[in-house]
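# Notes for the structure review
Letter by letter, the chains look like this.
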Amino acid sequence: MRSLVVEVQGTLDGGTALHAAQKRTAEVERAVFAAVPQARRVTWIPRCPDGAGLAE
């Protein structure tokens, strides 16, 4: 059996709090399932802007 898995990468501000990132995850998942009803699973991969929050 086949299933459609959708992976979404999104950039969040480097200072985004964990609770805000988790809220965004739920929003992205709902939006993808609404737009792509065939999707069986959605994976949200949050990223920060290049170099943001990284120690030098």
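Reading the values: the criteria
Residues numbered from 1 in each chain as written. Predicted model: local features only at pLDDT ≥ 70, side-chain atom pairs only at ≥ 80, totals over all residues. Heavy atoms only, no water. Helix = DSSP H or I, 4+ residues; strand = E, 2+ residues; numbered from the N terminus. Contact = heavy atoms within 4.5 Å. Pairing = 2+ DSSP bridges. Right-handed = clockwise from strand over helix to strand, strands pointing away. Expected span 1.5 Å × (residues − 1). Buried < 20%, exposed > 50% of the residue type's maximum accessible area, 1.4 Å probe, protein only. Arc of directions from axis to C-beta.

### Brief notes about the environment of arginine 47
- Mapping arginine 47 onto the fold places it in strand β2 (residues 39–47).
- Taking C-alpha positions, arginine 47 is 5.9 Å from leucine 12, a pair spaced 35 residues apart along the chain.
- Apart from the residues lying within four places of it in its own chain, the contact partners of arginine 47 are Gln9, Gly10, Thr11 and Leu12.

### Considerations on the pairing of β2
- When strand β1 (residues 4–11) meets β2, the two strands line up parallel, connected through 8 bridges. Paired with valine 8 across the two strands is tryptophan 44, which belongs to β2.
- One crossover worth recording links β1 to the parallel β2 by way of helix α1 (residues 18–35), and it is right-handed.

### Considerations on α1
- When the terminal C-alpha atoms of α1 are compared, their 26 Å separation across 18 residues agrees well with the 26 Å that a helix rising 1.5 Å per residue should span.
- Inspection of α1 places Ala21, Val28 and Val32 among the buried residues, and these make up the whole buried set. What you see down the axis of α1 is that its buried residues fit within an arc of 30 degrees, all on one side. Exposed side of α1, more than 90 degrees from the buried face: His19, Gln22, Lys23, Arg30 and Ala34 are the residues found there.
- Looking at the buried side of α1, the elements it contacts are β1 and β2.

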